[in-house]
Protein chains: 4
Amino acid sequence: MVPRKIVIGVMGPGEQAKDIDIRNAHELGKRIAREGWVLLTGGRNVGVMEAASQGAKFANGLTIGILPGKTDEGISEAVDIAIFTDLGNARNNINVLSSDVVIACGMSAGTASEIALALKASKKVILLTDDEESKLFFQKMSPENVCVVCDVENAIAKCKLYLAYRHN
Amino acid sequence: MVPRKIVIGVMGPGEQAKDIDIRNAHELGKRIAREGWVLLTGGRNVGVMEAASQGAKFANGLTIGILPGKTDEGISEAVDIAIFTDLGNARNNINVLSSDVVIACGMSAGTASEIALALKASKKVILLTDDEESKLFFQKMSPENVCVVCDVENAIAKCKLYLAYRHN
Amino acid sequence: MVPRKIVIGVMGPGEQAKDIDIRNAHELGKRIAREGWVLLTGGRNVGVMEAASQGAKFANGLTIGILPGKTDEGISEAVDIAIFTDLGNARNNINVLSSDVVIACGMSAGTASEIALALKASKKVILLTDDEESKLFFQKMSPENVCVVCDVENAIAKCKLYLAYRHN
Amino acid sequence: MVPRKIVIGVMGPGEQAKDIDIRNAHELGKRIAREGWVLLTGGRNVGVMEAASQGAKFANGLTIGILPGKTDEGISEAVDIAIFTDLGNARNNINVLSSDVVIACGMSAGTASEIALALKASKKVILLTDDEESKLFFQKMSPENVCVVCDVENAIAKCKLYLAYRHN
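Residues numbered from 1 in each chain as written. Chains lettered and ligands numbered in written order. Predicted model: local features only at pLDDT ≥ 70, side-chain atom pairs only at ≥ 80, totals over all residues. Heavy atoms only, no water.

Some remarks on the pairing of strand β2 (residues 38-41) of chain D
Residue and element names in this part refer to chain D. Residues of β2 alternate between two faces, with V38 and L40 on one and L39 and T41 on the opposite face, all of them buried. Here strand β1 (residues 7-11) runs beside β2; their pairing, made up of 3 bridges, is parallel. Pairing of I8 across the sheet is with L39, part of β2. One crossover worth recording links β1 to the parallel β2 by way of helix α1 (residues 19-34), and it is right-handed. Sheet analysis places β2 next to strand β3 (residues 63-67), joined by 3 bridges and oriented parallel. Bridging across to β3, T41 finds its partner in G65. (Buried < 20%, exposed > 50% of the residue type's maximum accessible area, 1.4 Å probe, protein only. Helix = DSSP H or I, 4+ residues; strand = E, 2+ residues; numbered from the N terminus. Pairing = 2+ DSSP bridges. Right-handed = clockwise from strand over helix to strand, strands pointing away.)

This is the structure:
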């Protein structure tokens, strides 16, 4: 039987995403799709979620959205499969548990909760942000599971490394 | 942009599934895959979940498993994309909210909770069981949203009807 | 150290509660409070939840409300301690897991989901309803854990029996 | 009718709690109980949860534990009312949504997720820790909702201020 698909989660700010986060998220989505991986996001039509999903669709990838609500309102059109949780932000835990690797692209309260929940679950987290306080905080919290990268190229490279390690 | 994929949920007993439930579930999975729909189940490697997922993979379909736990233990090998909720049976609400149509194949406490949660959310439920008490109970509860069928053929036909209705 | 408090859950319809359900729920709340037990409900200001909470406060009891949302909107004024879950109906699983005994007072889709989730968790359920289909359905599902009673008096008596059994 | 009880959440590390966190948590529990407030914690029998609950019971307070699991295993004996969520760490969102004010006592991945979820929900968070990176990170994230204090005395004073503000 064909093995389960690899799922990469891209987490990041919604409404408060910066331009650089949006650009990185779009590129991450594209690169993830080109690797043949499934993209998982929080599924909303704003910020990093929207940009990553659009990037993945641009490269003909498959996109999963783990929505906080239960209706179509506010869902990204670039989501192929919508998981309606109706859990509000408690769904953030599902986002990270369902991702083989978590990439945090930018920073916000929601993103911070996802990184923290990922670390609590001993998941690998790749941190793509220029926010110095975030880097210091999360690297101190879990030096072995948090990896800071400076661009999309390195995020994808790290992702491959983690996946290779996981399968051995 | 390509519209979101259609997701059909097949819910049913795990360990206590009857032979007829297993056969029906396998056939439902096959037929759902052949329609080009995504199959959603509770993702475990027993009973109706396992049989439906195996059926869908036999027909080269795409399968989503909404798992109650957070590890690979007990997951069906026929699940392509695993959503690890770590919510226990609270994940049953996600199962039904994420399904465009819910097909209940057989009966158990877990299945009954899913049907009830689906009706609470005004979802259409197709009931494929020979259990008389179940039919009477759920049809009385929601005559407009519960539809009893006697075989897989009719379940799929009803499914198409509901989907057509939904898109108009 | 003083042992943990005994928590009795009263579940039942909200908006669609019948007069008899409301009267029974109010009396159940009173009787539960007089036994020194904590009352747990879904916390909303309608139907069985509201009536049971009011009954318990009338007898100076302590009331817990497990709310589906995250704001004060729609919360019963007779709830002493509000647990805001923001889980929608997935909170129904918390309602039953947190109750030492579950009393279902009346019937609705939400109530049915709670009974089914309680049975899935091997909890004792006391069913106070005149709905014949419900009795037949749930007693067949779990003859050992479902007990049908005809009035509040018997519901409380059964409750005591289950609690005594539990502590031995 | 008597108004709803005030609920103060004390969040902090479990197994990895430092001695100073334990001492602070015990004192926080005592002080919270003496104010007549209800103490809410994650309910486990380790670290800050255990110490705060013990402190509150020492002062005859009422303690609520929002448990990640569904059984008595690992629950603090100082919890009066146990809410069994079976949500794993997704229950962290319930902890903060159900607290009128959140006090973070010490730091860990779980605690960080709770602070972040609290800020996402626009809750006030009082941060009692000597971890410099945590202070810098969370104060930058939400200068208006995060308040760093140096001891229990100031934590309680801040708590009163927030509660007074809330009721006006």
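Points about helix α5 (residues 132-141) of chain B
Considered for burial, the residues of α5 of chain B that qualify are S134, K135, F137 and F138 of chain B. Where the residues of α5 of chain B are buried, they touch α4 (109-120), β6 (125-128) and β7 (146-149) of chain B together with α4 (109-120) and α5 (132-141) of chain C. (Contact = heavy atoms within 4.5 Å.)

What about the relation of the copies chain A and chain D?
Of the transformation placing chain A onto chain D, the axial shift is 0.0 Å and the rotation is 180°, giving an RMSD of 0.0 Å. Viewed as a symmetry operation, the transformation between the two copies matches a two-fold axis. In terms of proximity to the rotation axis, the leading residue of chain A is S113 of chain A, whose C-alpha is 2.2 Å off the axis. When the interface residues of chain A are mapped onto chain D, 100% of them again fall at the interface, so both copies present the same face. (Least-squares fit on C-alpha atoms with pLDDT ≥ 70 in both.)

Here's the deal with the interface of chain A and chain B
Facing 29 residues of chain A, the contacting portion of chain B comprises 29 residues. When chain A packs against chain B, close to 2300 Å² is buried across both sides, 67% of that on carbon and sulfur atoms. Note that D72 of chain B is salt-bridged to R4 of chain A, the shortest N-O span being 2.9 Å. There are 6 residue pairs in polar contact (both at pLDDT 80 or more) connecting chain A and chain B. Elements that contribute at least two residues to the side of chain A that touches chain B include exactly β2 (38-41), α2 (47-58), β3 (63-67), β4 (81-84) and α3 (91-97) of chain A. Grouping the amino acids of the side of chain A that touches chain B by side-chain chemistry returns 18 nonpolar, 3 polar and 8 charged. (Buried area = accessible area lost by both parts, 1.4 Å probe. Salt bridge = Lys/Arg side-chain N within 4 Å of Asp/Glu carboxyl O. Polar contact = N/O pair within 3.5 Å; in protein donor to acceptor, adjacent residues only side chain to side chain. Nonpolar A, V, L, I, M, F, W, Y, C, P; charged D, E, K, R; others polar.)

These values are about where atoms sit, not about what they do.
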